[in-house]
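# Observations on the model geometry
Here are the chains, one letter per residue:
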Amino acid sequence: MMDQEDGDLTRAALARLDECDDVRFKRVMVSLIGHLHAFVREVDLTTEEWIAAIDFLTATGQCCTAQRQEFILLSDTLGVSMLVVTQDQARQKGAGNGAAAATEATVQGPYYWDGARDFPLGHDIGEGVPGEATFYSGRVTDTEGAPVVGALLDVWSGDGEGVYDMQINGQSEMLARGRFRTDDQGRYWFWSIRPGYYPVPMDGPVGRMLERMGRHPNRPGHIHMKVVADGFVPVTTHLFVGDSPYLDSDAVFGVRESLVVDFEEHAPGEAPDGRVMPSRYWSAHYDFRLAPSRA
Ligand code: BEZ
Ligand code: FE
C-alpha cells in the first residue's frame, strides 16, 4: 500500500518505468512525469482546474481536421515549436559542420501544402492574388559562400491581406505557392506579392486561450521558404517584411533578426528582370546559406 506523503506518489510513478528499456523514451517520460507532478504541486491544482484542462485538450483534439492542426497551434502559441526549432539548429551548430553560419530556421506553421508546382525562375506566383507585386531574389550558397546549384526553394505565403489559399472556402487550387531551382550560379528570382500580417486562427480553443491570456493573435507579414539541396541540411524558414506591424510580438515567437528583410519600394517602370511594371512594386533580396549535412 502506498503512502501518499509528498513526493511518494511521484517516486512511485517514476518507478513504473524501471522496466522500460528504451533509453530515450524513458528519459523523456521520467522528465515529463517529474515536471507535471511539480507543476501540479506548484500551482496547487484543483480537481475543477484539472477537468477544465482535460476539456481544453479534448476540444483541441476535436478541432483538428485534415486542414487544421489545433495542437500545432497550441505548441506554436506557447513558444514550444520555436524552442524545438531553435534547439535543433543549435544541435547542428554543435556538430562542427559550419552550421553556425547557416540561415536561421523558424516554424513551419500549419499552411504548408506539399506538392506545389515547379516553375521556371522569374515566374509570378502572385498572379491573381490580392497584394502588391514583389520581386524576390538572392542566392543559395554554402556556409563559405560557394553557390549551391539546383537548390530547391519551396515557397508559400498568404496574400497581401494575410489570407492563405487553404483558408478560402472552396479554393482547391494553390495560390501564392511554387517551387524554384537555383541556376548555375546559385541564384533565384521570382515574383509574388508582399505578404500582409495576419491573425492565427482564433475560432477554436487556442483562440479562447489567447483571449483569456490577454494576447493578440497576429503574426508579422512573412513569406515561407523551405530550402533543400543534396548534401546540405534543409532549412525551413521565413523572410519577414521589414516594416510590418507585430515584428516585436509575433504570436508564435517565430521572428529572428537575421530573417527581417527591407522590402524596397519602386516606382512603376522596368524591374530588374526586364518586366515592365505599370504600378508601384517592391523588391526583397535575401541570400540563403546551407550547412553541409556531413561534417
Ligand atoms: C504561419 O506562419 O503560417 C503560422 C505559423 C504558426 C501558427 C499559425 C500560422
Ligand atoms: Fe505564415
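Residues numbered from 1 in each chain as written. Chains lettered and ligands numbered in written order. Predicted model: local features only at pLDDT ≥ 70, side-chain atom pairs only at ≥ 80, totals over all residues. Heavy atoms only, no water.

### Quick look at a nonpolar patch on the surface
As a reminder of what qualifies: For patches, a residue must show more than 30% relative accessible area and have no salt bridge; joins then use 9 Å for like charges and 5 Å for nonpolar side chains, namely Val, Leu, Ile, Met, Phe, Trp and Tyr. Accessibility throughout is a Shrake-Rupley quantity obtained with a 1.4 Å probe, and a residue counts as covered only by protein chains that appear here. We define a salt bridge as a contact between a side-chain nitrogen of Lys or Arg and a carboxyl oxygen of Asp or Glu at a distance within 4 Å. Per the convention used, a helix needs a DSSP run of H or I reaching at least four residues, while a strand needs a run of E reaching at least two, with both numbered from the N terminus. Throughout, exposure labels follow a simple rule: accessible area from a 1.4 Å probe, protein chains only, divided by the maximum for the residue type, with under 20% read as buried, over 50% as exposed, and the rest as partly exposed.
Taken together, the side chains of L32, L36, F39, V40 and V43 define a hydrophobic patch exposed on the protein surface, amounting to about 400 Å² of accessible area. Topologically, V43 is positioned in the loop between α2 (23-42) and α3 (47-62). Look at V43 and you get partly exposed, because its relative accessible area is 40%.

### Side note on the packing of helix α4 (residues 70-77) against helix α6 (residues 205-213)
Geometry of a packed helix pair, given as the angle between the helix axes and the separation of the axes. Note the cut-off: To get an axis, a line is fitted to the C-alpha atoms, and for a helix only the part in contact is used. The angle between two axes follows their N-to-C directions and goes from 0 to 180 degrees. In this scheme, roughly parallel covers angles under 35 degrees and roughly antiparallel covers those over 145, while 65 to 115 is roughly perpendicular and the rest are oblique. The contact criterion used throughout is that any non-hydrogen atoms of two residues lie within 4.5 Å. For this classification, the nonpolar set comprises Ala, Val, Leu, Ile, Met, Phe, Trp, Tyr, Cys and Pro, the charged set comprises Asp, Glu, Lys and Arg, and every other residue, Gly included, is treated as polar.
It is the contact of α4 with α6, at a shortest axis distance of 9 Å, that shows an interaxial angle of 25°. Put simply, α4 runs roughly parallel to α6. For the pair formed by α4 and α6, the contact residues are E70, L73, L74 and T77 on the first element and P205, V206, G207, M209 and L210 on the second. Each residue belonging to the contact of α4 with α6 can be placed in one class, and the counts come to six nonpolar, two polar and one charged.

### Some points on the domain arrangement of the chain
Put simply, the rule reads: Start and end points for every domain follow an automatic or database-based domain assignment.
The domains assigned to the chain are domain 1 (4-45) and domain 2 (70-290). The distance between the C-alpha centroids of domain 1 and domain 2 comes to 40 Å.

### Side note on the nonpolar core
Which entries qualify depends on this criterion: We define a nonpolar core as any set of buried Ala, Val, Leu, Ile, Met, Phe, Trp, Tyr and Cys residues linked to one another through side-chain atoms lying within 4.5 Å.
V140, L153, V155, F190, M225 and F288 are the most contacted members of the largest nonpolar core, which has 30 residues in total. When residues of this core are traced back to their parent elements, those giving at least two are β1 (133-142), β2 (152-156), β4 (187-193), β7 (222-228), β8 (235-241), β13 (281-285) and β14 (288-290). Other than its neighbours up to four places away in sequence, V140 contacts A146, P147, V148, A151, L153, T182, G186, Y188, V227, F288 and L290. Membership of the second largest hydrophobic core comes to nine residues, among which are L73, V200, M209 and L210.

### Structural notes on the coordination of the iron ion (ligand 2)
The cut-off we apply is this: For Na, K and Ca the donor cutoff is 3.2 Å, while for all other metals N, O and S atoms count as donors only within 2.8 Å; water does not appear among the atoms, so some sites may look incomplete. All geometry calls rest on donor angles, where a four-donor set with angles between 85 and 135 degrees is tetrahedral, four- and six-donor sets with opposite donors more than 155 degrees apart and all others between 65 and 115 are square planar and octahedral, and all else is irregular.
The protein atoms donating to the iron ion (ligand 2) are Y164 (OH), Y198 (OH), H222 (NE2) and H224 (NE2), with metal-donor distances spanning 1.9 to 2.1 Å. One can describe the site at the iron ion (ligand 2) as irregular: its six donor atoms subtend angles covering 53 to 166° at the metal. Sequence positions of the residues that donate to the iron ion (ligand 2) give the spacing Y-x33-Y-x23-H-x1-H. Residue Y164 is found in the loop between β2 and β3 (177-181), and its partner Y198 is found in strand β5 (residues 198-199); the two are separated by 34 residues along the sequence. Among the residues examined, Y164 registers a relative accessible area of 0% and is labelled buried. Classification of Y198 as buried rests on a relative accessible area of 5%.

### Some points on the site of ligand 1
The following threshold applies: Nearness is defined per residue: one heavy atom within 4 Å of the molecule or strand is enough. Between N or O atoms, a polar contact is any pair within 3.5 Å; within protein, one atom must be a potential hydrogen donor and the other a potential acceptor, and residues adjacent in sequence are included only when both atoms are from side chains.
Around ligand 1 lies a shell formed by L73, D76, G109, P110, Y111, Y164, Y198, V200, R219, H222, H224 and V252. Contacts to ligand 1 include Y198, whose side-chain N or O atom sits 2.7 Å from an oxygen atom. Measuring from an oxygen atom of ligand 1, one finds a side-chain N or O atom of H224 at 3.1 Å. Put simply, the parts of the chain that give the shell around ligand 1 at least two residues each are α4 and β7. A per-class count over the shell around ligand 1 returns seven nonpolar, three polar and two charged.

### Looking at the packing of α3 against α4
Following both chains from N to C, one finds α3 and α4 inclined at 125°, their axes separated by 7 Å at the closest point. Between α3 and α4, the angle is such that the two are oblique. Between α3 and α4, the residues in contact are F56, L57, T60 and G61 and E70, F71 and L74, respectively.

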